[in-house]
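Each chain, letter by letter, is given below.
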Amino acid sequence: MSQQEKSDNQSTFNQENAVNPMGLLFDEEWLRKAVEAEDKIGGNIGAGLDWGSAFGSLMLNLELWGRFTTLRISLNREVRLLLNNWNLGTATKIAVKTARERILEKFRLPTPEVKEYILATLENDELYGEEFISNRDILRELLGLLLKQEDWETIAAVAADSLKKEIIHQAVGEKISA
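Described below are features of the structure shown in this document.

Thresholds applied
All chains use their own residue numbering, which begins from 1 and follows the written sequence. Where local features are concerned, this predicted model is filtered to residues with pLDDT of at least 70; where side-chain atom pairs are given and counted, the filter is 80 or more; whole-chain, interface and lining totals use all residues. Heavy atoms from the whole structure form the basis of all side-chain values; hydrogens and water molecules are not counted. Helix numbers and strand numbers start at the N terminus; a helix is a DSSP run of H or I with at least 4 residues, a strand a run of E with at least 2. Helix span, expected: 1.5 Å multiplied by one less than the number of residues in the helix. Note on exposure labels: buried denotes an accessible area under 20% of the residue type's maximum, exposed denotes more than 50%, and partly exposed covers the range between, all computed with a 1.4 Å probe on protein chains only. Contacts: residue pairs with any heavy atoms within 4.5 Å of one another. Pairs of N or O atoms are called polar contacts if they sit within 3.5 Å, as long as, within protein, a hydrogen donor faces a hydrogen acceptor (for residues adjacent in sequence, only side-chain-to-side-chain pairs). Every axis in this analysis is a line fitted to C-alpha atoms, fitted for helices over the stretch in contact. Angles between the N-to-C directions lie between 0 and 180 degrees. Roughly parallel means an angle under 35 degrees; roughly antiparallel means over 145; roughly perpendicular covers 65 to 115; every other angle is labelled oblique. It is the rotation of the near helix from the far one that decides the hand of a crossing: anticlockwise by less than a right angle makes it left-handed, clockwise makes it right-handed. Side-chain classes are defined by residue name, with Ala, Val, Leu, Ile, Met, Phe, Trp, Tyr, Cys and Pro counting as nonpolar, Asp, Glu, Lys and Arg as charged, and the others, Gly among them, as polar. Side-chain atoms within 4.5 Å are what join buried Ala, Val, Leu, Ile, Met, Phe, Trp, Tyr and Cys residues into a set we call a nonpolar core. Two rings from Phe, Tyr or Trp (for Trp, the six-membered ring) form a pair when their centres are within 6.5 Å of each other. A pair whose planes differ by under 30 degrees is stacked, one over 60 is edge-to-face, and the rest are tilted. Note on geometry: a ring has a charge over it if NZ (lysine) or CZ (arginine) is within 6 Å of the ring centre and within 35 degrees of the ring normal.

### Concerning helix 3 (residues 62-85)
So, point 1. Its 24 residues place the ends of helix 3 34 Å apart at the C-alpha level, agreeing with the 34 Å of an ideal helix rising 1.5 Å per residue.
So, point 2. Restricting attention to buried positions, one finds in helix 3 the residues Leu64, Arg67, Phe68, Thr70, Leu71, Ser74, Leu75, Asn76, Glu78, Val79, Leu82 and Leu83.
So, point 3. Close packing links the buried residues of helix 3 with helix 4 (92-108), helix 5 (112-123), helix 6 (136-146) and helix 7 (149-173).
So, point 4. The opening residue of helix 3, the one whose side-chain oxygen lies 3.1 Å from the backbone nitrogen of glutamate 63, is asparagine 61.
So, point 5. One or two steps after helix 3, the chain reaches asparagine 87, where phi turns positive at roughly 55 degrees.

Pasting the structure below:
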């Protein structure tokens, strides 16, 4: 096979796998290179969120992992609904984003109390029959465990700073001065 044919074959292979990345798993050459790349860094090259050692074992149990995902999505939804109800105006979006970041941090490094509550919630079969957890009391209780006073202060500070920047931007755009 000529060099041009090899290049054409590789180009076709790359184009096919850009459309079908699962095809890479069946390519021994690509798999060998991927293993070598992991070995070079002395670790594991992965994708998605890094859960550290806190909830890594959940990934081995697909049902619990699915529930964990549902719980995270439900908490994100609940904090969005909560902050929307507070009528924060243009600061709502950044407040929600900041709250979600804080929740994710708490999931990555949970206190023993939070971890215990999360695991008990995952075992509660009654909560997991729909796309979201509909029991808002459970979600609010968990939000209370996850987001402490200092977290709310951070959320408020970020939202206030965002609003301040927006006001200044608008005032400069309107050429209004004090």
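That shown, we press on.
### Some words on the packing of helix 3 against helix 5
So, point 1. The interhelical angle for the contact between helix 3 and helix 5, taken along N-to-C directions, is 110 degrees, at an axis separation of 9 Å. By the angle class used here, helix 3 and helix 5 are roughly perpendicular. The way helix 3 lies across helix 5 gives a crossing that is right-handed. Counting all contacts with helix 3, which are made through Leu64, Arg67, Phe68 and Leu71, the residues of helix 5 involved are Ile118, Thr121, Leu122 and Glu123.
So, point 2. Split by residue class, the contact of helix 3 with helix 5 holds five nonpolar, one polar and two charged.

### Notes on the side chain of threonine 98
So, point 1. Positionally, threonine 98 belongs in helix 4.
So, point 2. Accessibility expressed as a relative area gives 6% for threonine 98, which makes it buried.

### Overview of helix 7
So, point 1. Between its first and last C-alpha, helix 7 extends 36 Å over 25 residues, near the 36 Å set by a 1.5 Å rise per residue.
So, point 2. Looking at the buried side of helix 7, the elements it contacts are helix 4 and helix 6.

### Examining the nonpolar core
So, point 1. In this structure, Leu71, Leu75, Phe107, Ile118, Leu122, Leu142 and Leu146 are the most contacted members of the largest nonpolar core, which totals 29 residues.
So, point 2. Breaking this core down by element, the ones donating at least two residues are helix 3, helix 4, helix 5, helix 6 and helix 7.
So, point 3. Here this core takes six residues from helix 3, the largest share from any one element.

### Section: the packing of aromatic side chains
So, point 1. In the structure shown here, the tally under the stated rule is three aromatic pairs.
So, point 2. Three or more aromatic residues joined by ring pairs form one cluster here, namely Trp65, Phe68 and Phe107.
So, point 3. For the cation-ring pair, arginine 77 lies above phenylalanine 132, with the distance from its terminal atom to the ring centre recorded as 4.6 Å.

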